[in-house]
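The lines below spell out each chain.
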Amino acid sequence: MKYKKYVARGVLFSLLLGAAVLSSPAFAAAGEVNLYSSRQPFLMQPLLAAFTKKTGIKVNMAYLEKGMLERLKAEGRNSPADLILVSDIGNLHNHDKAGLLQPVSSATLSTNIPPQYRHPAGHWFGLTVRARVIYASKTRVKPGEVTTYEDLADPKMKGRVCIRSGKHVYNISLLASIIVAKGADAATQWASGVKANLARKPQGNDRAQVKAVYEGECDVAVGNTYYMGKMATNQKDPIQKDWAKSVNIIFPNQNDRGTHVNVSGAGVVKNAKNKANAIRLIEFLSGTAAQKIYAEMNFEYPVKAGVPLHPIVAAWGDFKADKAFLSKIATARTQATKLVDLVNFNN
Ligand code: FE
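What you see is a predicted model, and the numbers here were worked out from it, not measured in a lab.

Observations concerning the overall build of the protein
Part 1 of the argument: Counting secondary structure elements, the protein contains 16 helices and 9 strands.
Part 2 of the argument: Judged by the C-alpha coordinates and their principal axes, the protein covers about 95 × 40 × 30 Å.
Part 3 of the argument: A buried classification covers 52% of the 347 residues belonging to the protein.
Part 4 of the argument: Look at the contacts in the protein between residues 6 or more apart in sequence, and 77% of them connect residues 24 or more apart.
Part 5 of the argument: By element, 57% of the accessible surface of the protein is carried by carbon and sulfur atoms, the whole surface being about 16,000 Å².
Part 6 of the argument: Positive and negative side-chain charges in the protein, numbering 46 and 25 respectively, have mean positions lying 9 Å apart.

Set out below in C-alpha cells:
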C-alpha cells in the first residue's frame, strides 16, 4: 500500500515536470547558452557550430565589438548573458573587477589551461595565447641590435620606434608585465624612454605599425603575433603581405624573463541562467578540436599543450614566454594606466 502511494506520487511528479517543460521558459531554455562575444563571428561560428554538433546545445551569440562591460552593468541581474568571450586579460579583469563574473571550478579547465593563463579562483580562463613582439625592419635593423623590450627605450633607438596608443589594453598589459618583472620605477623609466624614441605620436592599430616600418617611417614597432599571420595571408588587401614581408619578428627578452604573452578568454557571468552549459562551452573551447580551429583560423598559440601550430606560426620559431601569472599582471594594470598618464605617453 505504501509502495503504491509512492509510485502514484512519482507519476504525478513526472506529469507536473512534463507540463513544466512545455510551459516554463526556464525549462524551454535548457539546451541553450547565451554568449556575449567581442571575438568576431568569422572566428566564432565554426567553433560554436562544432560545439552544438557535439553537445546539442544551441549557442545564441551576441557580437559586441564595443560596450560589453557597460551593457552587462546596465542589464544587471536581468542580463541574458551566461558567458563572455573577450581578448586580453585587461578586458577579462575589468569585467571581474566590476563583479560581473563568478568562480568556476572544472577539472577539464584545470587540465587544459596552464595556471598562469587562468584566474586562480576560476573567474576567467585564457583560451588562446598571443605574444606581444617587436616587428623589426629587415633592412634597417641589424641582427642582435634589438633583442629586448628594454632596447626600445635605449637612446640608440631614438626616432626609430612606432607603437599604438599607450592606453590601448594591449600596451597597458605589456607595461603591467614590466611593473611585475621590474617594479613601477623601472616601468616608468621604460615608458618615458620609449616615448623619447618614438618616430611619431602613438596612433593606429598594431598592423598600422608594421605598415609604418614598411614605409620607412620607423625601424621597429610593437604588436601581437597573430597580425603577422593575418597580414601575410591577406587576400582582401594584398599590400599587407608586403608589410609583413618587410619585418622580422623578434621575441623579446629570450635571455631573461621571456616575451610578454596575453590571452583571449572566457568567464561565466555572475547571474548565468545556463551556468552548466556555459562551463561546457568553455571546456569545449579549451579542448583539442577547438584549439586546432583557433590555431588554424586566427594564427594564435593554443593554450592547451600538444595542439599543433599553424605552419606560419610554427615558422616563427619557438620562444620563451614570460611565466608571470596573468592574474598578477592584471592587477598591475591600474598602476600601468597611471604611469602612461604620468609620462604623458601619447602626447
Ligand atoms: Fe587584436
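What about the packing of aromatic side chains?
Part 1 of the argument: Within this structure, the stated rule accounts for 4 aromatic pairs.
Part 2 of the argument: Plain terms: the ring middles of Tyr 301 and Phe 319 are 5.3 Å apart, the flat faces sit at 65° to each other, and that makes the pair edge-to-face. Here Phe 319 lies in the loop between helix H14 (311-315) and helix H15 (326-331) and Tyr 301 lies in strand E9 (residues 301-302), a separation of 18 residues in the sequence.
Part 3 of the argument: For Phe 319, a relative accessible area of 22% puts it in the partly exposed group.
Part 4 of the argument: Linked through ring pairs, Phe 251, Tyr 301 and Phe 319 together constitute an aromatic cluster.

Description of unusual backbone geometry
Part 1 of the argument: Despite not being glycine, Asp 88 shows a phi value in the positive range, around 75°.
Part 2 of the argument: Relative to the assigned elements, Asp 88 resides in helix H5 (residues 88-97).
Part 3 of the argument: In this structure, Phe 299 takes a positive phi of about 55° despite not being glycine.
Part 4 of the argument: Mapping Phe 299 onto the fold places it in the loop between helix H13 (288-298) and E9.
Part 5 of the argument: By relative accessible area, Phe 299 is classed as buried at 6%.

Focus: the coordination of the iron ion
Part 1 of the argument: Coordination of the iron ion by the protein involves Tyr 170 (OH), Tyr 226 (OH) and Tyr 227 (OH), with metal-donor separations of 1.9 to 2.0 Å.
Part 2 of the argument: Mapping the donors of the iron ion onto the primary sequence gives the spacing Y-x55-Y-Y. Residue Tyr 170 is located in helix H7 (residues 169-182), and its partner Tyr 227 is located in helix H10 (residues 226-232); the two are separated by 57 residues in the primary sequence. When sorted by exposure, Tyr 170 lands in the same class as Tyr 227, which is buried.

With respect to the confidence of the model for the protein
Part 1 of the argument: When pLDDT is averaged across the protein, the result is 92; 91% of the residues are at 70 or more.
Part 2 of the argument: Overall, residues 1-30 carries pLDDT values under 50, and its contacts beyond four positions in sequence, including any with other chains, amount to 4 contacts.

Looking at the environment of Ala 208
Part 1 of the argument: With respect to the secondary-structure elements, Ala 208 resides in helix H9 (residues 206-214).
Part 2 of the argument: For the pair Ala 208 and Gly 223, spaced 15 residues apart in sequence, the C-alpha to C-alpha distance is 9.5 Å.

Quick word on the state of the cysteines
Part 1 of the argument: Applying the stated criterion across every chain, the model contains 1 disulfide.
Part 2 of the argument: Between the sulfur of Cys 162 and that of Cys 218 lies a disulfide, 2.1 Å long from S to S. The chirality of the disulfide connecting Cys 162 with Cys 218 is left-handed, given an S-S dihedral of about -105°. Of this pair, Cys 162 sits in strand E5 (residues 161-162) while Cys 218 sits in the loop between H9 and strand E6 (220-224), and the two are 56 residues apart along the sequence.

The rules we used
Residues numbered from 1 in each chain as written. Predicted model: local features only at pLDDT ≥ 70, side-chain atom pairs only at ≥ 80, totals over all residues. Heavy atoms only, no water. Helix = DSSP H or I, 4+ residues; strand = E, 2+ residues; numbered from the N terminus. Buried < 20%, exposed > 50% of the residue type's maximum accessible area, 1.4 Å probe, protein only. Contact = heavy atoms within 4.5 Å. Areas by Shrake-Rupley, 256 points an atom, 1.4 Å probe, with all protein chains shown as cover. Lys, Arg positive; Asp, Glu negative; His and termini not counted. Charge placed at Lys NZ, Arg CZ, Asp CG, Glu CD. Phe/Tyr/Trp six-rings, centres within 6.5 Å; stacked < 30°, edge-to-face > 60°. Donors = N, O, S within 2.8 Å, 3.2 Å for Na, K, Ca; no water. pLDDT = per-residue confidence, 0-100. Disulfide = S-S within 2.5 Å.

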